[in-house]
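Commentary on secondary and tertiary structure
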Amino acid sequence: MATEHNINLTSAELSGLWSTYMNDSMSNLVINYYLKHTTDEQIKEVLEFSKKLAQQHLEEISSIFKEVKCPFPHGFNKDDVNLSAPQLFSENFHLIYIYYMGQVGVEAYSMAFSFAARNDIRQLFKKYMNQSAELMDKSIEILLSKGLFTRPPYMPIPKQVEFIQKKNFLNGLVGGKRPLNAIEVTHIFGNLKTNEIGKSLITGFSQVAKSPQVRDYFLRGKKIATKHIEIFSLLLQSSDLPASMAADTVVFPSNESPFSDKLMMFHINAMIAIGIGKYGLAMSVSARHDLAFQYGRLIAEIGAYVEDGADIMIENQWLEQPPQVPNYENP
């Protein structure tokens, strides 16, 4: 069946394109800076691949926005990066960062793909999803070859199928706690690793932020990430599983910022928003009551933190507004 090419974008399609443009305009600058301080040829190759994808996405989405007469997001530009700034993160962190961004891309584009109706937009998000998966593959292979990829904990394979016999399987707040199941371990480990990456990034940003207000905000975020890492580590240890060791994510001492405070605030708040979603998913699949309660408490804590970050961005006119439904009552 033939499809018309002038079908308007839905709200879901518009939001997916707008978010991709904003994130890629930021990541393009971050990767350019990483490339300035990367000598390892394997890591440089995956950074170049990531940069190529970001630039391609910006060009393709710009073409769509032009077609539908949608104003281009302001996003980020050369004024938001200082390529001559000293190295802030280790090369291995550059690689771990790209792996994480590929993981985030797979999740975000799969959702955008599932909500898209227009065939060309569906195919675009499908392509971006596959590209992110390829980026993950490339990153993982190098991480494995360098001994830097931290695998989730191993656990014994069940000998037979079992059905839950007692309602105390759900216990956790009162009475004894059963050991974690594989689904719960997966999400605890994933959230632990996300916090480790976030802690390294925000530690570097806290050193170089120009505004005292922004610096204090990052230091507060570092404390929150440290606390969450400890909580998830203890949960694993309570079931006799090893808490993961952070890979080489060295932050070098520096007070010259490679990025604008605006870019760093956007980056951290975007990561926190992703983290809230991960916590929410983990909460929904964790059968033990204490885990659901813990995730709810952690969501409330980082929700308050990200709101304070949004207030700082609004005060400084750094927060770009997504496309919005018109106010029909007060036009």
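For the structure itself, consult the block above.
We now turn to the structure provided with this report.

How each quantity is defined
- Residues numbered from 1 in each chain as written.
- Predicted model: local features only at pLDDT ≥ 70, side-chain atom pairs only at ≥ 80, totals over all residues.
- Heavy atoms only, no water.
- Helix = DSSP H or I, 4+ residues; strand = E, 2+ residues; numbered from the N terminus.
- Buried < 20%, exposed > 50% of the residue type's maximum accessible area, 1.4 Å probe, protein only.
- Contact = heavy atoms within 4.5 Å.
- Lys, Arg positive; Asp, Glu negative; His and termini not counted.
- Charge placed at Lys NZ, Arg CZ, Asp CG, Glu CD.
- Expected span 1.5 Å × (residues − 1).
- Polar contact = N/O pair within 3.5 Å; in protein donor to acceptor, adjacent residues only side chain to side chain.
- Patch = residues over 30% accessible without salt bridge, like charges linked within 9 Å, V, L, I, M, F, W, Y side chains within 5 Å.
- Areas by Shrake-Rupley, 256 points an atom, 1.4 Å probe, with all protein chains shown as cover.
- Salt bridge = Lys/Arg side-chain N within 4 Å of Asp/Glu carboxyl O.
- Phe/Tyr/Trp six-rings, centres within 6.5 Å; stacked < 30°, edge-to-face > 60°.
- Lys NZ or Arg CZ within 6 Å of the ring centre and 35° of its normal.
- Core = buried A, V, L, I, M, F, W, Y, C linked by side-chain atoms within 4.5 Å.
- Axes fitted to C-alpha atoms, helices over the stretch in contact; angles between N-to-C directions.
- Parallel < 35°, antiparallel > 145°, perpendicular 65-115°, else oblique.
- Left-handed = near helix turned anticlockwise from the far one by under 90°.
- Nonpolar A, V, L, I, M, F, W, Y, C, P; charged D, E, K, R; others polar.

Quick notes on the overall build of the chain
Of regular secondary structure, the chain possesses 8 helices and 0 strands. From first element to last, N terminus to C terminus, the chain shows the α and β order α-α-α-α-α-α-α-α. Per-residue burial over the chain gives 46% buried out of 331 residues. Looking at the chain alone, contacts between residues at least 24 apart form 85% of all its contacts between residues at least 6 apart. Treating the 31 positive side-chain charges of the chain as one cloud and the 35 negative ones as another, the clouds have centres 4 Å apart.

Notes on helix H5 (residues 182–208)
The first and last C-alpha atoms of H5 sit 40 Å apart over 27 residues, in line with the 39 Å expected at 1.5 Å per residue. Most of H5 is tucked away, with 21 of its 27 residues classed as buried. Backbone nitrogen of Ile183 and a side-chain oxygen of the N-cap are separated by 3.1 Å at the start of H5; the cap is Asn181.

Observations regarding the environment of Met26
Inspection of the secondary structure puts Met26 in helix H1 (residues 11–36). Relative accessible area serves as the criterion here: at 2%, Met26 is assigned to the buried category. For the pair formed by Met26 and Phe266, sequence separation is 240 residues and the distance between their alpha carbons is 8.7 Å. The contacts of Met26, once residues within four sequence positions are left out, are Phe76, Tyr97, Leu263, Phe266 and His267.

Quick notes on unusual backbone geometry
Only a minority of non-glycine residues have a phi that is not negative, and only a minority of peptide bonds are not trans. Even without glycine at this site, Lys69 takes up a positive phi of about 60 degrees. Of note, Lys69 is situated in the loop between helix H2 (41–67) and helix H3 (91–115). Even without glycine at this site, Gln317 takes up a positive phi of about 55 degrees. In this fold, Gln317 is placed in the segment after helix H8 (289–315).

Some words on a nonpolar patch on the surface
On the surface, Ile183, Leu281 and Val285 cluster together to form a nonpolar patch covering roughly 250 Å² of accessible area. For Ile183, the position within the fold is in helix H5. Overall, the relative accessible area of 48% leaves Ile183 in the partly exposed class.

Regarding the pattern of salt bridges
Here the structure, examined in full by the defined rule, presents 10 salt bridges. Residues Lys193 and Glu196 are paired through a salt bridge, measuring 2.6 Å at the closest nitrogen-oxygen approach. You can see Lys193 and its partner Glu196 sitting in helix H5, 3 residues apart, about one turn around the helix. Across the pair, exposure class does not vary: Lys193 and Glu196 are buried alike.

Focus: the side chain of His187
For His187, the position within the fold is in helix H5. The class of His187 is buried, set by a relative accessible area of 19%. Residues contacting His187, with those up to four places away along its chain left out, are Leu281, Ala282, Val285 and Tyr295.

Focus on the packing of aromatic side chains
The description of two aromatic rings rests on the distance between their centres and on the angle between their planes. Applying the stated criterion across every chain, the model contains 21 aromatic pairs. Among the aromatic side chains, those forming a connected cluster through ring pairs are Tyr33, Tyr34, Phe89, Phe93, Tyr97, Phe205, Tyr217, Phe218, Phe259 and Tyr305. Taking NZ or CZ as reference, Lys138 lies 5.0 Å from the ring centre of Phe49, over its face.

Brief notes about the nonpolar core
Among the nonpolar cores identified, the biggest contains 87 residues, and Leu17, Tyr34, Leu201 and Phe218 are the most heavily contacted of them. Among the elements of the structure, H1, H2, H3, helix H4 (119–145), H5, helix H6 (212–238), helix H7 (261–285) and H8 are those that each provide at least two residues to this core. In terms of residues, this core owes the most to one element, H1, which gives 11 residues. When near neighbours in sequence (up to four residues on either side) are disregarded, Tyr34 contacts Leu47, Phe89, Phe93, His94, Tyr97 and Leu201.

So, the packing of H5 against H6
The contact between H5 and H6 brings their axes to 8 Å, and the two run at 155 degrees. As the angle between them shows, H5 and H6 are arranged roughly antiparallel. Pair H5 / H6 crosses with left-handed handedness. Its residues placed into classes, the contact of H5 with H6 shows 12 nonpolar, 8 polar and 4 charged.

Just geometry here; none of it tells us what the structure is for.
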